[in-house]
Amino acid sequence: MQFIWPDAFAEPVSMTCPVCADAGPHRPALTLPSAGPGGADWRLLECLSCQSRFSTDRQGADYHGGDVPDTPFLHYYMEQGAGLRPMLEPLGFAEPGPGRMLEIGGGFGFPSDYVQTVLGWTAKGYDPSGLAVMGKRYLGLDITRDYWTSDTPLTEPFDVAYASEVIEHIPEPGPFLAALRRAVGQHGVVALTTPNGAALNPGTTPGMLVPIASPGLHVTLFSAKGLELALRSAGFPHVRVEEDGSQLLAFASEAPLPAPRRLDDGRYIDYLYRRIGTPDLAPALLSGLRYRLLKELVNLGDAAGALRLYAEMAVALRERFAIDIENPATLTMPAASIESREWLSLLPGNITGLLYFRAVLANNAEGDARSAALYAGRAAQVGASLRQVLRAVGIEDGETEALAMAAMHLHLSAAAGLGADTAPLLSAVERGTEDTGLLLPAGFRSRLRHLVVRDLRATRHPALLWRALSVMEPAPADELSLLSDGLAAGLPVAPVAAFEALQTAPDADAVRQALREIWCTPGIGEAPASLAHARKLALIRLVLLGAYSDAETLFDLWGDETLAADRSVADALAIAASARRQGRGGGDIPGFAAIETAPDAPSVKQALWSVWTLPDAGENPAIIRQARKLTLIRLVLLGAFADAEALFDVWEDPSLADDEPVATALAIAASAR
């Protein structure tokens, strides 16, 4: 779906705002080419008076659907699409006891089921769609398949009239609000949710923009100001509108409103447990309720309960889909050319979230970074696959996009912390687009490196930082292929200690021992970038130790000229060649070791001075460059971020940042600032 945002020169349009009746002209806000009914362009305007957005097509859709919705999409709705907690959030003020709720346009009727199951209320629903049929069938709810209007018979007012994500579908909201006011009389409360029109902007991610815009369906997108104005115009003296990200929550009454209160965690979890315990529940509905409970348990820190629930879901999904969510390596992605209905017959709609929250449990509760990386990587991969097929039919649920972003972040942090070579994947993700591969939003891609740096700083393993975050140019493959290959290989890693041993080896023999340990790591042959990085570290360390002959011998033996494309390696080899010409044998260059082991910033600067004052330093600029690099890195490791940035500016040598470890050190300093 293409989003065309008008520029400042777009011509205003004269049209009456359905919210505040301002005749305009109004500013064009968004055009979605060929996305409207009959393939027409879907155009939205922004009212200059109340800032609400509204479509130029005011027909509205007909919601009289068939008796049974399309089964794959019904299952997707129950398992993932229905935002259950956001639906129930506005009912946090409702207390157990006698009460009556009218639910308008509730479709399946989860809010009605909640107030009856947990609060002991009675609920009556009005909805013309086929979802209402399923709500009656699966949950036993009292739902009339019709619209609620001012002419609908009313014996007595309701305590609450609730319409979740309904008013944006109404071409003329005034009469609809008047019908709600009639439903609650003088003492009841009207509760509404609707998309926040202010979220319709270029900074909102595609996964949220699609459900907000919903071309052909959402004809009025209220601002907070506009929704309050509309409720007061309908005759409500008491109105409260709350902005909750991309959603508006509104409350209105002729009597004083109850105090704001969020949905009680205990009541919500109680509802989920009660419903999950219902005999003979439809498998897709049971899966959806279990998944939402899993999220709550993970977020509340009940790891034991969450793991038990995940195991129960694994059994059920083996029976339904013949998949094993306890072994993410065995999950096979549906073919890229598959159609959405077939996709949803192969995997559950909530598979992305299931794998992501299992990754969180592995990382936080079990301390198993490898499993966390595997679960999270598969979650990002399957999330992209699901979103790709849903996009083809104009569907995004927002949460799947958010879960895929969180999963990619966790995958990279956990894998890098293990010592896996994540640099190619991270670089490929940064260069990817919102419309290909992993479908990650541009804003997330631009800050992902910072997020992983922040996570890895706590590991205190500088070798991991440099290796995980080095910029790869060009990328050897696209992001989706790199992720798939890494998962298929089981994340082969070299031991963290071995990489650290290379950087801290006291002599040439210790360097060789660390190299042998890396080369003997199972699966390391499937991670050539790890091997190349180990060789680079070895060459640099040998030169720093003054083992120039050993460094040159190994470089010749390996026969890999690309190693010298790394600026740090090239500098090291230049130092070795200079030492050979001048007849120097062994012994490290005075000052290098002192820089690497300096206990504080003043000691670093003193060691740097000792290098600069070497008799032949001026004849070998590589020595000066190497000392400067070591200094910047050591200052950052010591937390002297301001000193590192100040020296980098004073030296006026931007090429220093071409070195991967230096670039990462400067990035850490900048993020700390």
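Anything mentioned here points back to the structure above.
Residues numbered from 1 in each chain as written. Predicted model: local features only at pLDDT ≥ 70, side-chain atom pairs only at ≥ 80, totals over all residues. Heavy atoms only, no water.

Enquirer: Sorry, what's going on with the pattern of salt bridges here?
Expert: Any two side chains of opposite charge can pair, on the condition that their charged atoms come close. On inspection of all chains with the given rule, the structure shows 33 salt bridges. Among the salt bridges present, the one from Arg261 reaches Glu95, with a minimum N-O distance of 2.0 Å. Residue Arg261 is located in the loop between strand 11 (247–253) and helix 8 (265–276), and its partner Glu95 is located in the loop between helix 2 (84–88) and strand 4 (100–104); the two are separated by 166 residues in the primary sequence. Given the relative accessible area of 43%, Arg261 is considered partly exposed. Across the pair Asp435 and Arg391 runs a salt bridge, and its minimum N-O distance is 3.6 Å. Taken as a pair, Asp435 in the loop between helix 15 (423–431) and helix 16 (442–457) and Arg391 in helix 13 (residues 369–391) lie far apart in primary sequence, 44 residues in all. Counted as one network, the salt bridges with shared partners bring together Arg85, Glu89, Arg240, Glu242, Asp244, Arg262, Asp265 and Glu296. (Salt bridge = Lys/Arg side-chain N within 4 Å of Asp/Glu carboxyl O. Helix = DSSP H or I, 4+ residues; strand = E, 2+ residues; numbered from the N terminus. Buried < 20%, exposed > 50% of the residue type's maximum accessible area, 1.4 Å probe, protein only.)

Enquirer: So what exactly am I meant to see when it comes to helix 3 (residues 110–119) here?
Expert: Quick reminder: α-helices carry 3.6 residues per turn. Residues three or four places apart thus point the same way. Of all the ten residues making up helix 3, nine are buried; the element is thus mostly covered by neighbouring parts of the structure. Every buried residue of helix 3 is accounted for by Phe110, Pro111, Ser112, Asp113, Tyr114, Val115, Thr117, Val118 and Leu119. At the exit of helix 3 stands Gly120, carrying a positive phi of roughly 80 degrees.

Enquirer: What is the right way to read the packing of helix 9 (residues 283–299) against helix 12 (residues 351–365) from this model?
Expert: Two packed helices can be described by the angle between their axes and the distance between those axes. Axis separation between helix 9 and helix 12 bottoms out at 10 Å; the angle between their running directions is 25 degrees. For the element pair helix 9 / helix 12, the angle class is roughly parallel. Here helix 9 runs over helix 12; the crossing is left-handed. Residues Tyr291, Leu294, Lys295, Val298 and Asn299 of helix 9 form the contact with helix 12, whose participating residues are Gly353, Leu354, Phe357, Val360 and Leu361. Of the residues belonging to the contact of helix 9 with helix 12, the class tally is seven nonpolar, two polar and one charged. (Axes fitted to C-alpha atoms, helices over the stretch in contact; angles between N-to-C directions. Parallel < 35°, antiparallel > 145°, perpendicular 65-115°, else oblique. Left-handed = near helix turned anticlockwise from the far one by under 90°. Contact = heavy atoms within 4.5 Å. Nonpolar A, V, L, I, M, F, W, Y, C, P; charged D, E, K, R; others polar.)

Enquirer: It is not clear to me how the sheet that holds strand 8 (residues 189–195) should be interpreted in this structure. Could you clarify?
Expert: Strand pairing in a sheet relies on backbone hydrogen bonds, with the paired strands running either antiparallel or parallel. The strand order 6-5-4-7-8-11-10 describes an open sheet built from seven strands, whose pairing is mixed. Only two strands of the sheet have a single partner each, and these edge strands are strand 6 (143–144) and strand 10 (238–244). Of the strand pairs in this sheet, strand 7 (residues 160–164) and strand 8 are connected by five bridges, and their pairing is parallel. Bridge assignment links Val160 to a residue of strand 8, and that residue is Val189. (Pairing = 2+ DSSP bridges.)

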